[in-house]
Amino acid sequence: MLSFSLQRPRLYHHDKFVFQMRGFFDDSQFLYVGMNGSNSVQRFIRPSLTPDINFSVGTDPYSGPYVALDIEVTPGAPHTTAISRGLLNVDPDTEGGIAIYDDGTQRPTIAPGWGPTQNSYDSIQWGEDATAIYAANSSTTGFDFYTLTVNSSGVVEQDFPSVFWNPGRIHFDRGSGLVYSDDGFHAVDPVTGLPAGIFEGGGPMAPDSTTNTVFILSQYVWQGYSDYTMGLFDMTHYVRSDWVPFSTTAQLGFNPPQRIIRWGSNGLAVSFKGDKVYLLSTSFVGGPRPSKKRHNSARNN
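A brief structural summary. (Residues numbered from 1 in each chain as written. Predicted model: local features only at pLDDT ≥ 70, side-chain atom pairs only at ≥ 80, totals over all residues. Heavy atoms only, no water.)

## Considering the pairing of strand E3 (residues 30–35)
Here comes step 1: A large share of E3 lies buried, amounting to 6 of its 6 residues.
Here comes step 2: The alternating pattern of E3 places Phe-30, Tyr-32 and Gly-34 and Leu-31, Val-33 and Met-35 on opposite faces, both of which are buried.
Here comes step 3: Bridge count between E3 and strand E4 (residues 40–45): 6 bridges; the pairing is antiparallel. When the bridges of E4 are listed, Leu-31 appears paired with Phe-44.
Here comes step 4: Where E3 folds back on E4, the antiparallel hairpin that results is connected by 4 residues, among which Asn-39 adopts a positive phi of roughly 50°. (Buried < 20%, exposed > 50% of the residue type's maximum accessible area, 1.4 Å probe, protein only. Helix = DSSP H or I, 4+ residues; strand = E, 2+ residues; numbered from the N terminus. Pairing = 2+ DSSP bridges.)

Following this line, the structure appears as structure tokens:
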């Protein structure tokens, strides 16, 4: 198990996880971290984590500096980022909308957020290339799904309302071409904004078309306060094909699960608010899916 110390630079702000464990440096050149104390984004050079540029993400004319709610590095362009911007201690906190930055320089056209519009960009993902961004609203009961077009001037959006139940984070899988949400249920076609399928389970998820699997973390009433089940769902047929017990030190109600990330050929990383990041590396992650066979345990590193 890995336990991250929440010293500066902070990897969390309020309940948003801005340290991008998946895709945070695209070609492994950079790491981008949201810095709440200075209302900025710090870029580090890998692998030494040498501090590089530091840049502001803008200011609301009435409420002060924005913070980075979500940071996504552009596919194939590690010097460019899409950032969902917001305000601390405001609900909804997504007033800054989405802006595109090239080495810290903001492109002029932004997608306005809550306040000027009713759009709330809580989670963002790049699409197949650097011309499309997908976003989800989990701050209001609209639960919208957005597609946004990116060009040299910035970003503009199209809204598909009431697509999700409560999306949390979203994930784009380039193999399937679909967007998956952390409500644990929906797979959405980003072209039409319509559900392509619904899974029989809910919770933080990680899609992986290379193994035709969607990993969904769930907790059932018969499990203890800190015990979870990692469900393995067939990506094509949307049914559970396998599952594995998953024990943590997280306390129910205090340390909710936040993210699942696929890493390497057979690994998963699971983060819990205020607890630890758990690294699982076992055969149940990679390779062909066995049929209805339960594993006895997963190894926590």
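## What about the sheet that holds strand E23 (residues 240–247)?
Paired through backbone hydrogen bonds, the strands of a sheet run either parallel or antiparallel to each other.
Here comes step 1: If you walk across this open sheet you meet the 4 strands as E20-E21-E22-E23, and the pairing is antiparallel. Each edge of the open sheet carries a strand with a single partner, namely strand E20 (205–208) and E23. Direction aside, the axes of adjacent strands within the sheet are offset by 20° on average.
Here comes step 2: Direction of pairing for strand E21 (residues 213–218) relative to strand E22 (residues 227–234): antiparallel, over a ladder of 6 bridges. (Axes fitted to C-alpha atoms, helices over the stretch in contact; angles between N-to-C directions.)

## Section: the sheet that holds strand E24 (residues 257–263)
Here comes step 1: Strands sit in the order E24-E25-E26 across an open sheet of 3 strands; the sheet is antiparallel. At either end of the open sheet lies a strand with only one pairing partner, and these are E24 and strand E26 (277–281). Each strand of the sheet is rotated relative to its neighbour by a mean of 15°, with strand direction disregarded.
Here comes step 2: Of the strand pairs in this sheet, strand E25 (residues 267–272) and E26 are connected by 5 bridges, and their pairing is antiparallel. Across the sheet, residue Leu-268 finds its bridge partner in E26, namely Leu-280.

## Observations regarding a nonpolar patch on the surface
Here comes step 1: A cluster of nonpolar side chains, contributed by Tyr-220, Val-221 and Trp-222, occupies part of the molecular surface with about 400 Å² of accessible area.
Here comes step 2: For Trp-222, the location among the structural elements is in the loop between E21 and E22.
Here comes step 3: Looking at Trp-222, the relative accessible area reads 60%, which means it is exposed. (Patch = residues over 30% accessible without salt bridge, like charges linked within 9 Å, V, L, I, M, F, W, Y side chains within 5 Å. Areas by Shrake-Rupley, 256 points an atom, 1.4 Å probe, with all protein chains shown as cover. Salt bridge = Lys/Arg side-chain N within 4 Å of Asp/Glu carboxyl O.)

## Some remarks on the nonpolar core
Here comes step 1: Counting residues in hydrophobic clusters, the biggest one holds 17 residues, and the most contacted among them are Leu-217, Met-230, Phe-246, Leu-268, Val-270, Phe-272 and Phe-284.
Here comes step 2: For this core, the elements supplying multiple residues, two or more each, are E21, E22, E23, E25 and E26. (Core = buried A, V, L, I, M, F, W, Y, C linked by side-chain atoms within 4.5 Å.)

## So, the packing of aromatic side chains
Both the distance between ring centres and the angle between the ring planes are used here to describe each pair of aromatic rings.
Here comes step 1: Under the criterion given, the structure shown has 12 aromatic pairs.
Here comes step 2: Each ring, one from Phe-272 and one from Tyr-278, has its centre 5.6 Å from the other, and the planes form 85°; the classification is edge-to-face.
Here comes step 3: The class for Phe-272 is buried, based on a relative accessible area of 0%.
Here comes step 4: The exposure class assigned to Tyr-278 is buried, which follows from its relative accessible area of 0%.
Here comes step 5: Following the ring pairs from residue to residue traces out a cluster consisting of Tyr-180, Phe-199, Phe-233 and Tyr-238. (Phe/Tyr/Trp six-rings, centres within 6.5 Å; stacked < 30°, edge-to-face > 60°.)

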